[in-house]
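Remarks on the overall topology
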Amino acid sequence: MTTPARTIEVKLLDPRFGQEWPLPAYATEASAGLDLRAALETPLTLQPGDTALVPSGIAVHLADPQLCAMVLPRSGLGHRHGIVLGNGTGLIDADYQGPLLISVWNRGHEAFTLQPGDRIAQLVVLPIVRASLQVVDTFADSARGAGGFGHTGVR
């Protein structure tokens, strides 16, 4: 069963898209994220502990207030090279129309060089549930109750 496709407007801010680089796309039929590239003019070397704001070369406009997009790290870059997002996760609101900039952080122990066009993050489009807050004095009992962080043990 496939999920119905949604159309999202995208502006190409870098002329290399469609020429040298493909448009952001899903790598496989079951991929959740669209690959985002480093739209750099020259290679960028990140020393351990360095951060940089890297242009993706695109801007998106979701337009639908029932959607948001999240910029997530690529697991291979994070695991093998320590390259993750400097802000953990980037949240793109439906009304944002500016360029997508990717905060990258080298949390590894060796320098890593990003090349122009490298796939460095992924964009996942998600539905939004709008919640209203109701102030209460007590909660109804649940199986977990007030058990906090790590309360279920190590394994």
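The following refers to the structure shown. (Residues numbered from 1 in each chain as written. Predicted model: local features only at pLDDT ≥ 70, side-chain atom pairs only at ≥ 80, totals over all residues. Heavy atoms only, no water.)

Let's shift gears to the sheet that holds strand β6 (residues 83-85). Spatially, 4 strands are ordered β1-β4-β8-β6 in an open sheet, and the strand pairing comes out antiparallel. Bordering the open sheet on either side are β1 (9-12) and β6, each of which pairs with just one other strand. Shown here is a sheet whose adjacent strand axes are inclined to one another by a mean of 45°, direction ignored. Bridging between β1 and strand β4 (residues 51-61) involves 4 bridges; their strand directions are antiparallel. Bridging across to β4, E9 finds its partner in H61. (Pairing = 2+ DSSP bridges. Helix = DSSP H or I, 4+ residues; strand = E, 2+ residues; numbered from the N terminus. Axes fitted to C-alpha atoms, helices over the stretch in contact; angles between N-to-C directions.)

Summarising the sheet, strand β5 (residues 67-73) and strand β10 (residues 119-127) pair through 7 bridges and their orientation is antiparallel. Counterpart to P73 in the pairing with β10 is A121. As judged from the 3 bridges shared by β5 and strand β7 (residues 90-92), these two strands associate in the antiparallel manner. Residue pairing for β7: V71 is matched across the bridge by G90.

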